[in-house]
Amino acid sequence: MKPLVYWCRWHEVKLRLRGRDPHAVWGELCFADRIEPFHFDLHLARLTYGKGDQTQQIDLDEMGVAIPVSR
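Here we summarise the structure given alongside this text.

## Section: the packing of aromatic side chains
- Overall, the coordinates contain four aromatic pairs when judged by the stated rule.
- With a centroid separation of 5.7 Å and an interplanar angle of 5°, the aromatic rings of Tyr6 and Trp10 are classed as stacked. Of this pair, Tyr6 and Trp10 both sit in helix α1 (residues 2–10), four residues apart, roughly one helical turn.
- A centroid spacing of 5.8 Å and a plane angle of 40° characterise the contact between Phe31 and Tyr49, whose relative ring orientation is tilted. Here Phe31 is found in the loop between β2 (24–30) and β3 (35–41), whereas its partner Tyr49 is found in strand β4 (residues 46–49), with 18 residues between them in sequence.
- Here Phe31 falls in the buried class, since its relative accessible area comes to 16%.
- Note on Tyr49: relative accessible area 7%, which makes it buried.

Conventions and cut-offs
- Residues numbered from 1 in each chain as written.
- Predicted model: local features only at pLDDT ≥ 70, side-chain atom pairs only at ≥ 80, totals over all residues.
- Heavy atoms only, no water.
- Phe/Tyr/Trp six-rings, centres within 6.5 Å; stacked < 30°, edge-to-face > 60°.
- Helix = DSSP H or I, 4+ residues; strand = E, 2+ residues; numbered from the N terminus.
- Buried < 20%, exposed > 50% of the residue type's maximum accessible area, 1.4 Å probe, protein only.

Listed below in structure tokens is the structure:
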């Protein structure tokens, strides 16, 4: 979960956790101007956030820096 926490710090986003299982954590990302639901895959370090057509996916390295999504 460390990459997610770092990413939030770098982007000044508050993290609200709503759930957790052995594979993922989920909840809300609180940006300065909006709140977005998120899902973070702990094994892939892949952050998915947003709703519907506005969904974004970001792979994170160990320091929370975005890297190209591997599909």
